[in-house]
Amino acid sequence: MSQLAQLSTVNHYTAYKPKPFTRQERDNTTILFGGLTWKHERLIQAALQNMGYMAEPLPNIEREDLDAGKEMIDVGACCPTIFTTGSLVNFLKKEVSAHGKEETTRKYVYLTAGACGPCRFGQYHESYAMALDGLGLRDFRMFLLAQDELDQGASGGGGLEINLPLSLGIIWGILCGDQLTDLEYLVRPYEVKAGQTEQALRESTEYMYEVFRKRPLQKGKLGTLAWHLGGSYFTRALREIRKKWDAIEVDRLRVKARVKITGEFWLQTHEGEGNYNIKRWLEQEDAEVIAPPVAVWLHYLMHPTIRKLEHRHSTSKHPQVEQLVLKALEKLYRVTYNRFRKAVGNLPNQLPDQEELLRLAEPFYHFELRGGEGHMLIGKALYAYHHKKAHMVCELSPYSCMPNTMSIGSMANVLGKYPDLLYAPIEVKGDAEVHALSRCQMILTEAKKRAQAEFETALEQTGLTIERIREFEARHPEVRRATYRVPHMGCSGHAANYVFHLSRQRGLAKAASKKAPRKEAQAWTTSHAD
Ligand code: SF4
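What counts and how
Residues numbered from 1 in each chain as written. Predicted model: local features only at pLDDT ≥ 70, side-chain atom pairs only at ≥ 80, totals over all residues. Heavy atoms only, no water. Pairing = 2+ DSSP bridges. Helix = DSSP H or I, 4+ residues; strand = E, 2+ residues; numbered from the N terminus. Axes fitted to C-alpha atoms, helices over the stretch in contact; angles between N-to-C directions. Contact = heavy atoms within 4.5 Å. Buried < 20%, exposed > 50% of the residue type's maximum accessible area, 1.4 Å probe, protein only. Arc of directions from axis to C-beta. Near = heavy atom within 4 Å. Nonpolar A, V, L, I, M, F, W, Y, C, P; charged D, E, K, R; others polar. Patch = residues over 30% accessible without salt bridge, like charges linked within 9 Å, V, L, I, M, F, W, Y side chains within 5 Å. Areas by Shrake-Rupley, 256 points an atom, 1.4 Å probe, with all protein chains shown as cover. Salt bridge = Lys/Arg side-chain N within 4 Å of Asp/Glu carboxyl O. Lys, Arg positive; Asp, Glu negative; His and termini not counted. Charge placed at Lys NZ, Arg CZ, Asp CG, Glu CD. Phe/Tyr/Trp six-rings, centres within 6.5 Å; stacked < 30°, edge-to-face > 60°. Lys NZ or Arg CZ within 6 Å of the ring centre and 35° of its normal.

Chemist: Before we go on, may I ask you to explain the sheet that holds strand β4 (residues 141-146) in this structure?
Modeler: Sheet strands pair by backbone hydrogen bonding; their relative direction is either parallel or antiparallel. If you trace the four strands from one edge of the open sheet to the other, you get β2-β1-β3-β4, paired in parallel fashion. Of all strands in the sheet, those bounded by a partner on one side alone are β2 (54-57) and β4. Going from strand to strand, the sheet's axes swing by 30° on average, the running direction of each strand aside. For strand β3 (residues 108-114) and β4, the ladder comprises six bridges, and the chain directions are parallel. The partner of Gly114 across the bridge, within β4, is Ala146. Sheet strands touched by helix α2 (residues 38-50): β1 (30-33) and β2. Its angle to β2, the strand with the most contacts, is close to 170°.

Chemist: Would you mind showing me how to read helix α19 (residues 466-475) here?
Modeler: Given 3.6 residues per turn, any residue in an α-helix points the same way as the ones three and four places further on. Regarding α19, the residues found buried are Ile469, Phe472 and Glu473. For α19, the angular spread of buried residues about the axis comes to 100°, placing them on one side. When the buried face of α19 is taken as reference, the exposed residues oriented beyond 90 degrees from it are Glu467 and Ala474. The inward-facing, buried residues of α19 contact α18 (433-462) and α20 (494-502).

Chemist: Where do I start with the site of the ligand in this structure?
Modeler: Taken together, the residues surrounding the ligand are Cys78, Pro80, Cys119, Arg120, Phe121, Tyr124, Glu264, Gly372, Pro398, Cys401 and Pro403. Looking at the shell around the ligand residue by residue, the class counts come to eight nonpolar, one polar and two charged.

Chemist: Can you help me understand a negative patch on the surface in this one?
Modeler: A contiguous patch of negative charge, built from Glu62, Glu64, Glu273 and Glu433, is present on the exposed surface. Within the element layout of this structure, Glu273 appears in the loop between α11 (265-269) and α12 (278-284). A relative accessible area of 36% means that Glu273 is categorised as partly exposed.

Chemist: Sorry if this is basic, but what is going on with a nonpolar patch on the surface here?
Modeler: Nonpolar side chains collect at one region of the surface, where Val321, Val325, Leu329 and Leu332 lie side by side and expose about 320 Å² of accessible area between them. Positionally, Val325 belongs in helix α14 (residues 319-343).

Chemist: Even after reading the chapter, I still don't get the sheet that holds strand β7 (residues 257-263), so can you show me in this structure?
Modeler: Strand order in the open sheet formed by four strands is β8-β7-β9-β10, with parallel pairing between adjacent strands. This sheet does not close on itself; its edge strands, each paired only once, are β8 (287-290) and β10 (422-428). Across the sheet, the mean angle from the axis of one strand to that of its neighbour is 30°, orientation sign disregarded. Two elements, β7 and β8, share four bridges in a ladder whose sense is parallel. Bridge pairing links Lys260 to Ile290 in β8.

Chemist: What exactly am I supposed to notice about the environment of Thr205 here?
Modeler: Inspection of the secondary structure puts Thr205 in helix α8 (residues 196-213). For Thr205, a relative accessible area of 0% corresponds to the buried category. C-alpha separation for the pair Thr205 and Cys176, spaced 29 residues apart in sequence, amounts to 9.3 Å. When neighbours within four sequence positions are excluded, Thr205 is seen to be in contact with Trp38, Lys39, Arg42, Leu43 and Leu180.

Chemist: How do you make sense of the pattern of salt bridges when you look at a structure like this?
Modeler: Once the charged atoms of two side chains with opposite charge are near each other, the side chains can pair. Taken as a whole and judged by the stated rule, the model has 30 salt bridges. Here Arg106 ties to Glu103 by a salt bridge, and the two come within 2.9 Å at their closest N and O atoms. With Arg106 and Glu103 both in helix α5 (residues 101-107), this residue pair falls three residues apart, about one helical turn. Accessibility expressed as a relative area gives 39% for Arg106, which makes it partly exposed. Residues Arg258 and Glu288 are paired through a salt bridge, measuring 3.1 Å at the closest nitrogen-oxygen approach. Placement of Arg258 in strand β7 and of Glu288 in strand β8 is noted, with a sequence separation of 30 residues between them. Take Arg258 and Glu288: they sit in the same class, and that class is buried. Taken together, the salt bridges that share partners define one network made up of Lys39, Glu184, Arg188, Glu198, Arg202, Glu271, Arg280 and Glu283.

Chemist: It is not clear to me how the packing of aromatic side chains should be interpreted in this structure. Could you clarify?
Modeler: To describe a pair of aromatic rings, you give the distance between the ring centres and the angle between the ring planes. For the structure shown, the criterion picks out 12 aromatic pairs. Ring centres of Trp227 and Tyr233 lie 5.4 Å apart, and the angle between their planes is 40°; this geometry places the pair in the tilted category. Judged by relative accessible area, which is 18%, Trp227 ranks as buried. Taken together, the aromatic side chains of Phe212, Trp227, Tyr233, Phe234 and Phe340 make up a single cluster linked through ring pairs. In this structure, Arg202 packs its charged tip against the face of Trp38, placed 4.1 Å from the ring centre. Directly above the ring of Tyr399 sits Lys429, whose terminal nitrogen or CZ lies 5.4 Å from the centroid.

Here you go:
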């Protein structure tokens with residue numbers, strides 16, 4: 001073969017471009033998606049169905065997905081990319097063996113988050129495309145949901161229209177999913193009857209699923225926005241589910257180490273084999289987990305644009321106006337989150353202030369170093385430390401993740417300045433569970449000691465005893481309800497906050513003041529109460 005002929009047979013690389021998904025195909029095509037917890041995904045499924053789509057979350061991640069992903073994409077990929085690709089691959093393989101390639105390609109499309117930026121998140125779809133190639137499913141359709149555009153319009157073919165009602169449905173689903181997740185992790189470690197939290201959680205999620213599926217659609221963009229921001233449709237529903245949690249009895253005198261989970265977005269959000277089921281494992285090890293809300297990530301996404309405008313690094317003709325509009329939207333976002341929290345008794349945690357996270361992280365990690373969670377990892381660890389929100393921080397860091405590697409490096413500097421901050425960076429690569437969990441256990445042992453010491457100090461300072469508290473609880477059973485709110489009294493642990501809180505209640509305050517020197521108790525409460 002001549003050299004010219006050889007050259008003419010070269011197959012040049014062409015980027016993946018999905019085949020059209022037409023409006024007519026919508027009623028017979030299922031949108032696949034995944035990447036969050038089963039609660040968030042159930043509500044997103046409802047939001048999609050509400051807009052007339054058939055939708056189905058991918059099955060929860062399993063260990064086999066790691067192997068399937070490794071076989072299909074490049075070896076240097078970070079572990080979330082491998083897991084999520086493997087999950088799609090295993091699902092499609094099953095479908096292909098049951099119904100054949102053509103039917104699978106016709107029956108499903110895949111919707112995934114798209115982004116740009118310095119880390120692999122911007123190229124996830126390339127890995128999926130590579131896997132589709134490997135499976136011989138190049139015609140399988142995959143679409144990107146941009147994280148920074150609420151109204152992207154119709155995809156090629158018009159079958160999928162990412163418009164404001166759909167985007168707001170998905171975001172509101174995420175915000176409500178966060179409330180359910182916070183309730184779950186706040187209550188389960190203290191439930192008296194095992195399994196009650198799980199039951200309330202399942203029932204609440206199904207209730208909210210129906211609420212989202214039946215969401216009334218509004219006319220026009222402004223009408224849609226105003227209805228979501230100002231209406232009471234979702235807060236009423238959340239008030240309803242609060243009743244389900246009311247029935248759960250909890251024992252708040254169980255002393256637990258509180259562990260704040262931070263880390264790479266997918267890994268910290270995930271509940272399953274993708275992160276060694278670390279949240280459940282921590283609970284079994286007598287800890288209370290503070291699960292990271294997805295809402296913090298969405299909140300963070302607003303900030304780079306706000307900063308660009310602040311520093312006038314924008315091509316906008318009216319940067320000040322844009323900045324004002326964005327700040328107003330950010331405020332409305334926080335107000336909405338707090339309205340949802342209020343509807344479930346203000347039990348879920350507040351969103352941290354993004355400005356404060358930036359300020360805390362600034363001496364160690366510059367906010368312009370974006371990728372992954374950027375400076376937030378440092379900011380969140382210091383936020384939990386300074387505000388006494390947790391006894392320890394467990395940072396889940398994916399194998400081969402560039403931003404997390406940088407943040408762990410910077411944490412060495414943070415720990416030099418705050419040596420008593422308990423920090424467990426856990427590298428997750430999917431197949432080194434014993435190593436990762438034993439590292440976590442070492443720090444957890446110290447965290448448990450601190451929780452116990454803090455509890456004993458609380459009893460000593462208030463002059464209360466466990467017997468006195470039990471007597472009080474017998475007379476006031478409402479304090480043992482899961483929905484009874486114990487304010488943060490300046491301690492990291494739930495049990496210690498509970499003791500200080502009860503010491504101010506009528507009926508116990510007297511007993512407390514008889515034993516504890518009044519001056520000392522007052523000094524403590526003024527310096528620690530929030
Ligand atoms: S943050 Fe790390 S793990 Fe996550 S996509 Fe980027 S490189 Fe991968």
